[in-house]
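Single-letter residue listing:
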Amino acid sequence: MICERLERVNERIASAAQRAGRQVSEIHLLAVTKTHPRPVVEEAIACGMTILGENRVQEADAKYAGVAGVELHLIGHLQRNKARSVPGLFSWVESIDSIATAEALSRRCADAEWPCSVLLQYNCSGEQTKSGYSDPELMLEEAIRIAALPSLELRGIMTIGPFVDDTREIARAFSVTRRLFERLQTQQPDGRIDTLSMGMTGDFETAIAEGSTEVRIGSALFGARE
Ligand SMILES: *Cc1c(COP(=O)(O)O)cnc(C)c1O
């Protein structure tokens, strides 16, 4: 069941890439297992999914104990006092939204000798319920210091599209984010700024058209959440 859904999602990613004139190999699939139990994770891995995402530290910690051979990404907000739980569990944190959190994470990762890739979360919709940087200039300014922190490697930007029906509005928000991503690449010529994480079940084809390199898919793979 999950393997068939994966096949279908991969086909949709491939045709969206083709329509955009892009190589499908440029686009990575992150499978979001939040709210689903451990057996779902095991099935996902058996189907060949290797990049997995969770949005809460505690839930992930319980669910992923002893799971080997996967790359787990934190895609939900990271509280500064939870930074110590990242080493050993998440190899990526996609939700960096302040220098203070990045510094706390860097310290914990350095202590644990755990290298961690990070993305800056940009709030492209301006919706107040969403976390992330709302001010792009502040984000790019802090990026300079975040890129210099030990044990963290700054890899790009993550965003959540606006929750609206209007595809053009979603495309505009993704396009703005893509331009910020390009500015970040220009700002960090010696860095490895290669990841633009945008697109979920409802909008990943639009995100691919606007340059996404990583789509984060939950419901289309695992069914609706409670
Ligand atoms: C839940 C979640 C997703 C996946 O959402 P679907 O709509 O189920 O694909 C992607 N990104 C983030 C940050 C999420 O919290």
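As shown above, the structure is provided for reference.
Worth saying up front: this structure is predicted, and the values here are computed from it rather than measured.

Considering the overall build of the protein chain
Here is step 1 of the chain: Within the protein chain, the secondary structure is distributed over eight helices and eight strands.
Here is step 2 of the chain: With the principal axes as the frame, the protein chain shows a C-alpha extent of 40 × 40 × 35 Å.
Here is step 3 of the chain: In the protein chain, of all internal contacts separated by at least 6 residues, the share reaching a separation of at least 24 is 60%.
Here is step 4 of the chain: With an accessible surface of roughly 10800 Å², the protein chain has 47% of that area assigned to carbon and sulfur atoms.

Section: the state of the cysteines
Here is step 1 of the chain: The final tally for this structure, using the stated rule, is one disulfide.
Here is step 2 of the chain: The thiol of Cys116 is not disulfide-bonded; the next cysteine sulfur, from Cys109, is found 4.5 Å away.
Here is step 3 of the chain: Residue Cys116 is classed as buried on the basis of its relative accessible area of 2%.

Section: the pairing of strand 4 (residues 92-96)
Here is step 1 of the chain: When you tally the buried positions in strand 4, you get five out of five residues, the bulk of the element.
Here is step 2 of the chain: Sheet topology places strand 3 (residues 71-74) next to strand 4; two bridges connect them, and they run parallel. Bridge assignment links His73 to a residue of strand 4, and that residue is Trp92.
Here is step 3 of the chain: Looking at chain direction, strand 4 and strand 5 (residues 116-122) are connected through three bridges and run parallel. Of the residues in strand 5, the one forming a bridge with Val93 is Val118.

Looking at the pattern of salt bridges
Between side chains of opposite charge, a pair can form as their charged atoms come close.
Here is step 1 of the chain: With the rule as written, the count across this model stands at 14 salt bridges.
Here is step 2 of the chain: A salt bridge links Glu42 to Arg38; the nearest nitrogen and oxygen atoms lie 2.9 Å apart. Taken as a pair, Glu42 and Arg38 lie in helix 2 (residues 38-46) at a separation of four residues, close to a single helical turn.
Here is step 3 of the chain: For Arg38, a relative accessible area of 28% translates into the label partly exposed.
Here is step 4 of the chain: Note that Arg56 is salt-bridged to Glu59, the shortest N-O span being 3.8 Å.
Here is step 5 of the chain: Overall, Arg56 belongs to the partly exposed group, its relative accessible area being 48%.
Here is step 6 of the chain: Members of the salt-bridge network, linked through shared partners, are Glu54, Arg56, Glu59 and Lys63.

With respect to the site of the ligand
Here is step 1 of the chain: Residues in contact with the ligand, as listed here, are Val32, Lys34, Asn55, Ile75, Ile160, Met200, Thr201, Arg216, Ile217, Gly218, Ser219 and Arg225.
Here is step 2 of the chain: Within the contact set of the ligand, an oxygen atom lies 2.5 Å away from a side-chain nitrogen or oxygen of Thr201.
Here is step 3 of the chain: In the environment of the ligand, an oxygen atom lies 2.4 Å from a nitrogen or oxygen atom belonging to the side chain of Ser219.
Here is step 4 of the chain: Considered on its own, the ligand offers 390 Å² of accessible surface; in the complex 91% of this is hidden by protein.
Here is step 5 of the chain: Of the residues assigned to the shell around the ligand, the class counts are five nonpolar, four polar and three charged.

Considering the packing of helix 4 (residues 99-112) against helix 5 (residues 136-147)
Here is step 1 of the chain: Where helix 4 contacts helix 5, the two axes come as close as 10 Å, and the packing angle between them is 10°. Between helix 4 and helix 5, the angle falls in the class roughly parallel. Along the contact surface, helix 4 presents Ile99, Ala102 and Glu103, while helix 5 presents Glu142, Arg145 and Ile146.

A look at the layout of surface pockets
Here is step 1 of the chain: Considered as a void within the structure, the largest pocket measures approximately 490 Å³ in volume.
Here is step 2 of the chain: Considering the residues around the largest pocket, the lining is formed by 28 residues, among which Lys34, Ile160, Phe163, Met200 and Arg216 are closest to the centre.
Here is step 3 of the chain: Residue assignment for the lining of the largest pocket shows that the elements contributing at least two residues are helix 6 (167-187) and strand 8 (214-217).
Here is step 4 of the chain: Across the lining of the largest pocket, the residue classes break down as ten nonpolar, twelve polar and six charged.
Here is step 5 of the chain: Considered as a void within the structure, the second largest pocket measures approximately 170 Å³ in volume.
Here is step 6 of the chain: In terms of lining residues, the second largest pocket is bounded by Asn55, Arg56, Val57, Gln58, Gly76, His77, Leu78, Gln79 and Lys82.
Here is step 7 of the chain: For the lining of the second largest pocket, the residue count by class is two nonpolar, five polar and two charged.

Cut-offs and rules
- Residues numbered from 1 in each chain as written.
- Predicted model: local features only at pLDDT ≥ 70, side-chain atom pairs only at ≥ 80, totals over all residues.
- Heavy atoms only, no water.
- Helix = DSSP H or I, 4+ residues; strand = E, 2+ residues; numbered from the N terminus.
- Contact = heavy atoms within 4.5 Å.
- Areas by Shrake-Rupley, 256 points an atom, 1.4 Å probe, with all protein chains shown as cover.
- Disulfide = S-S within 2.5 Å.
- Buried < 20%, exposed > 50% of the residue type's maximum accessible area, 1.4 Å probe, protein only.
- Pairing = 2+ DSSP bridges.
- Salt bridge = Lys/Arg side-chain N within 4 Å of Asp/Glu carboxyl O.
- Near = heavy atom within 4 Å.
- Polar contact = N/O pair within 3.5 Å; in protein donor to acceptor, adjacent residues only side chain to side chain.
- Nonpolar A, V, L, I, M, F, W, Y, C, P; charged D, E, K, R; others polar.
- Axes fitted to C-alpha atoms, helices over the stretch in contact; angles between N-to-C directions.
- Parallel < 35°, antiparallel > 145°, perpendicular 65-115°, else oblique.
- 1 Å grid on protein atoms, 1.4 Å probe; cavity = no way out; pocket = protein on both sides within 12 Å on 5 of 7 lines; lining within 4 Å.
- Points joined across faces, edges and corners; volume = space filled by probe spheres on them.

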